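What follows is each chain in one-letter form.
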Amino acid sequence: MCQDHPEHTISRRGLFAGGLAMTVAGAAAATQATGQSAGPAPTSPEEALQRLMDGNARYVANEAINTDHSVGRNARAEGQQPFAAIVSCADSRVAPELIFDQGPGDLFVVRVAGNFINEDGLASLEFGAAVLGVQVIVVLGHTSCGAVSATIQSIQDKELPPGHLPSLVNALRPAVYDVMATGADNLLEAATAKNAVLNAEMASKAEPILAGMHEEGKLSSVAAVYDIATGKVEFL
Ligand SMILES: [Zn+2]
């Protein structure tokens, strides 16, 4: 956010003042600050989601087109207009711009181990959607997630991990309990998907900003799981 265009600074003041006029200002300040895949900006949540799906298909096929990250560098100094927000795990194998074959400036990424949305994450998403014009939020779980795995282990052992890790476990606990109650065969797989679904639902219902944008059809929130082995993103 430190590289915002001046208009975005004004917009942010508007946001903190409780107004939503910054939606318009943020869009007006937008530039073509995207990478090599930059075409016409998506005009709906559906188009934004399709752009991510197309990018993932290119990534899986090893046909990425966003390979020169210096393209658009000067334009990006003037502002940003990401079209999608990705809530992803901190896992080093999950790199949203690569997975979706997008360039710098395309994605607004919120990362935390276990890809859940806390207050800070929610505030970031509100900024991304209301000020920067993000049209789709993808909560992206992934296979072999250590955070989900540690939460399952903690519940089964009835023991909390050391340090600050209990805050992660507490955030992921609802998803694990949910799938335990259904008798899922593969707890890790089921809890990973459930956690993404629960957090996408939470984003869509987050009053007043995100919920309002969903009701107006300007924003959608979807859950997905990235398969580290195949590179494929499955939307749930
Ligand atoms: Zn993870």
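Structure: above.
Residues numbered from 1 in each chain as written. Predicted model: local features only at pLDDT ≥ 70, side-chain atom pairs only at ≥ 80, totals over all residues.

(A) Inspection of the sheet that holds strand β4 (residues 220–226) at higher detail. Pairing within the open sheet is mixed, and its 5 strands lie in the order β2-β1-β3-β4-β5. Strands with a single pairing partner mark the edges of an open sheet, and in this sheet they are β2 (107–111) and β5 (233–235). Taken over all neighbouring pairs, the strand axes of this sheet differ in orientation by 25° on average, direction set aside. As defined by bridge partners, β4 adjoins β5 across 3 bridges and the pair is classed as antiparallel. Within β5, the residue paired with Tyr226 across the bridge is Val233. In the packing of helix α9 (residues 187–205) onto the sheet, the strands contacted are β1 (84–88), β3 (136–142) and β4, and the crossing angle to β4 comes to about 165°. (Pairing = 2+ DSSP bridges. Helix = DSSP H or I, 4+ residues; strand = E, 2+ residues; numbered from the N terminus. Axes fitted to C-alpha atoms, helices over the stretch in contact; angles between N-to-C directions. Contact = placed C-beta atoms within 7 Å.)

(B) A look at the pairing of β3. Most of β3 sits inside the fold, with 7 of its 7 residues counted as buried. Judged by which residues are buried, β3 turns out to be covered on both faces: Val136, Val138, Leu140 and His142 on one side and Ile137, Val139 and Gly141 on the other are all buried. The pairing of β3 with β4 spans 7 bridges and is parallel. Bridge assignment links Val138 to a residue of β4, and that residue is Val222. (Buried ≥ 20, exposed ≤ 12 C-beta atoms within 10 Å, placed from the backbone.)

(C) Seen up close, the nonpolar core. One finds Ala84, Ala85, Ile137 and Val138 to be the most contacted residues of the largest nonpolar core, which totals 58 residues. Among the elements that line this core, the one with the most residues is helix α8 (residues 165–181), at 7 residues. Aside from chain neighbours lying at most four places away, what touches Ala84 is Ala48, Leu52, Leu107, Val134, Gln135, Val136 and Val138. (Core = buried A, V, L, I, M, F, W, Y, C linked by C-beta atoms within 7 Å.)

(D) Inspection of the packing of helix α7 (residues 146–157) against α9 at higher detail. At a minimum axis distance of 10 Å, the contact between α7 and α9 shows a crossing angle of 115°. When you trace α7 past α9, the crossing you get is right-handed. Between α7 and α9, the residues in contact are Val148, Ser149 and Ile152 and Leu187, Leu188, Ala191, Thr192 and Asn195, respectively. For the contact of α7 with α9, the class distribution of residues is 5 nonpolar, 3 polar and no charged. (Left-handed = near helix turned anticlockwise from the far one by under 90°. Nonpolar A, V, L, I, M, F, W, Y, C, P; charged D, E, K, R; others polar.)

(E) Examining helix α3 (residues 45–60) more closely. If you check α3, its first and last C-alpha atoms are 23 Å apart, about what 16 residues at 1.5 Å a residue would give, namely 22 Å. Among the residues of α3, those classed as buried are Pro45, Ala48, Leu49, Arg51, Leu52, Gly55, Asn56 and Tyr59. Taken around the axis of α3, the buried residues stretch over an arc of 155°, which confines them to a single face. Residues of α3 that are buried make contact with β1, α5 (96–99), β3, β4 and β5. Positive phi shows up at Asn62, right after α3, with a value of about 55°. (Expected span 1.5 Å × (residues − 1). Arc of directions from axis to C-beta.)

(F) Seen up close, the environment of Thr151. Structurally, Thr151 can be placed in helix α7. Residue class for Thr151 comes out buried when judged on the 29 C-beta atoms lying within 10 Å of it. When the C-alpha positions of Thr151 and Ala171 are compared, they lie 9.1 Å apart, and in sequence the two are 20 residues distant. Among residues more than four places away in sequence, those in contact with Thr151 are Val169, Leu172, Arg173 and Val176.

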